[in-house]
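The residues making up each chain are set out below.
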Amino acid sequence: MGARLAVRDVSLQFGGVEVLEDVTFTVEAGQIFGLVGPNGAGKTSLFNCVSGHYRPSAGSITIDDDEVLGSPPATLARHGLARTFQHPALQLRETVLENVLLGAHSRLPGGAVEWSLRLPRTVRSEKALRREALDLLESHGLGWAAKTRADELSHGLHKGVELCRALLMKPRLLLLDEPAAGLPHSEVEQLIETVRRVRDDDITVVIVEHNMGLISALTDRVVVLDHGRKLMEGSAAEAQSDSRVIEAYLGKDAVDDAA
Ligand SMILES: Nc1ncnc2c1ncn2[C@@H]1O[C@H](COP(=O)(O)OP(=O)(O)OP(=O)(O)O)[C@@H](O)[C@H]1O
Ligand SMILES: [Mg+2]
C-alpha cells in the first residue's frame with residue numbers, strides 16, 4: 001500500500017499571488033506528521049487544499065492512492081479524512097453535544113431519505129452515536145459541558161469540542177490546525193497525550209503547530225513551509241537546527257550572529 005496522504009507539486013494562487021508553489025510530501029500510515037513554518041507560510045491553505053475547501057491550481061493529492069484533488073469536503077469524509085480548524089467555527093446556539101454530532105451523520109446507515117423517515121434502525125444508530133459522542137466528550141474532560149450551549153464555553157474549550165467532532169467521524173487521517181494555540185502549558189501536556197492516543201487508535205495525524213515543544217514531542221517527521229514553498233523535510237530536531245529554517249523564522253542576521 002502507498003502513503004496515507006501524498007501531496008505532489010501542489011500550487012495555489014489567489015488573485016495572481018502564489019500562496020503554495022509545487023509543495024510535495026508524503027505521510028505514511030501511522031505517522032504523526034508536522035507541518036510548520038512562519039505566519040503566512042501557507043500551512044492552513046495547504047490543509048484547505050487537502051480537505052477540499054480550496055482547489056489547487058495544479059498538482060495531485062491522494063489519500064490511500066485515491067486522487068482527491070478537487071473533491072468537496074463531504075466526499076473527503078468518505079475517504080476517512082477529518083480536520084479541525086485554526087479558528088473553530090462551532091454552531092454557537094447549539095449544545096456542545098449537538099456540535100460533536102455534526103458531521104457524523106455519514107456514519108448512519110442508509111441515506112438522507114431514510115434518515116428523514118426515522119426508521120427504527122436510524123433511531124437506534126443515532127442513539128449509539130450520541131452515546132459515543134458523550135463518551136468522547138467524557139474522555140476529553142468535557143463531559144460536564146455536553147448540554148451547555150457552545151457560546152457559553154471559552155474559546156480554548158471550542159478546540160476540544162472540535163477535536164471530539166472530528167474523532168466521532170472515525171477518521172483514518174486527521175488534520176489538526178494549531179490545536180495548542182491559546183492553551184495553558186498544563187493543557188499542552190494533556191494534548192500531547194491525546195494525540196498519542198489518537199495515533200495508537202490507527203489514526204494518521206498531520207499537525208500544524210507553532211509550539212515547537214509539542215512538535216518535537218509528537219512528530220515522526222516534519223515539513224517546513226516558507227512563503228508557500230517547502231524549505232526542508234526531516235525530523236523536528238533537524239528542522240530546528242537547519243539554518244534555512246532559522247533564517248525563515250528569525251531573519252538572516254540571526255544565522256550570521258550564530259555562525
Ligand atoms: N482565501 C484567501 N484569499 C486570499 N489570500 C489568502 C486566502 N487564504 C490564504 N491566503 C493567503 O495565503 C497566505 C498563506 O496563508 P495561510 O493562512 O495559509 O498561512 P499559515 O501558514 O496558516 O499562517 P499562520 O501561521 O499565521 O496561521 C497568506 O498570505 C494569506 O493572506
Ligand atoms: Mg494557519
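Here the structure is a predicted model, which means the values were calculated and not measured.

**Student:** Looking at this structure, I do not really get the nonpolar core. What am I missing?
**Tutor:** Considering soluble globular proteins, one finds that nonpolar side chains tend to be buried as a cluster. Val-100, Leu-137, Leu-168, Leu-174, Ile-207 and Leu-214 are the most contacted members of the largest nonpolar core, which totals 46 residues. Here this core gets six residues from one element, more than from any other, and that element is helix α6 (residues 155–168). The residue makeup of this core includes at least three contributed by each of domain 1 (1–80 + 171–259) and domain 2 (90–168). Setting aside its immediate chain neighbours within four residues, Leu-214 contacts Ala-180, Val-188, Leu-191, Ile-192, Ile-207 and Glu-209.

**Student:** Got a minute to help me understand the pattern of salt bridges in this structure?
**Tutor:** For side chains bearing opposite charge, pairing can occur when the charged atoms are close. For the structure on display, the rule yields 14 salt bridges. The closest approach of N and O atoms between Arg-130 and Glu-98, which form a salt bridge, is 2.9 Å. Here the residue Arg-130 occupies a position in helix α5 (residues 120–139), and Glu-98 occupies one in helix α3 (residues 96–101), the gap between them amounting to 32 residues. Arg-130 sits in the partly exposed class, given a relative accessible area of 35%. Of the charged contacts in the structure, one is a salt bridge between Arg-199 and Asp-200, with a shortest N-O distance of 3.6 Å. Among the residues examined, Arg-199 registers a relative accessible area of 22% and is labelled partly exposed. For Asp-200, a relative accessible area of 58% gives the class exposed.

**Student:** Would you take a moment to explain the site of ligand 1 for this structure?
**Tutor:** Close to ligand 1 lie 14 residues; Gly-40, Lys-43, Ser-45, Gln-86 and His-210 are nearest. Contacts to ligand 1 include Ala-41, whose backbone N or O atom sits 3.1 Å from an oxygen atom. Between ligand 1 and the protein, one listed contact pairs an oxygen atom with a side-chain N or O atom of Lys-43 at 2.7 Å. Relative to its free-state accessible area of 640 Å², ligand 1 is covered by the protein chains to the extent of 62%. Broken down by element, the residue count for the shell around ligand 1 peaks at three residues, all from helix α1 (residues 43–50).

About the criteria used
- Residues numbered from 1 in each chain as written.
- Chains lettered and ligands numbered in written order.
- Predicted model: local features only at pLDDT ≥ 70, side-chain atom pairs only at ≥ 80, totals over all residues.
- Heavy atoms only, no water.
- Core = buried A, V, L, I, M, F, W, Y, C linked by side-chain atoms within 4.5 Å.
- Buried < 20%, exposed > 50% of the residue type's maximum accessible area, 1.4 Å probe, protein only.
- Helix = DSSP H or I, 4+ residues; strand = E, 2+ residues; numbered from the N terminus.
- Domains from an automatic or database assignment.
- Contact = heavy atoms within 4.5 Å.
- Salt bridge = Lys/Arg side-chain N within 4 Å of Asp/Glu carboxyl O.
- Near = heavy atom within 4 Å.
- Polar contact = N/O pair within 3.5 Å; in protein donor to acceptor, adjacent residues only side chain to side chain.
- Areas by Shrake-Rupley, 256 points an atom, 1.4 Å probe, with all protein chains shown as cover.

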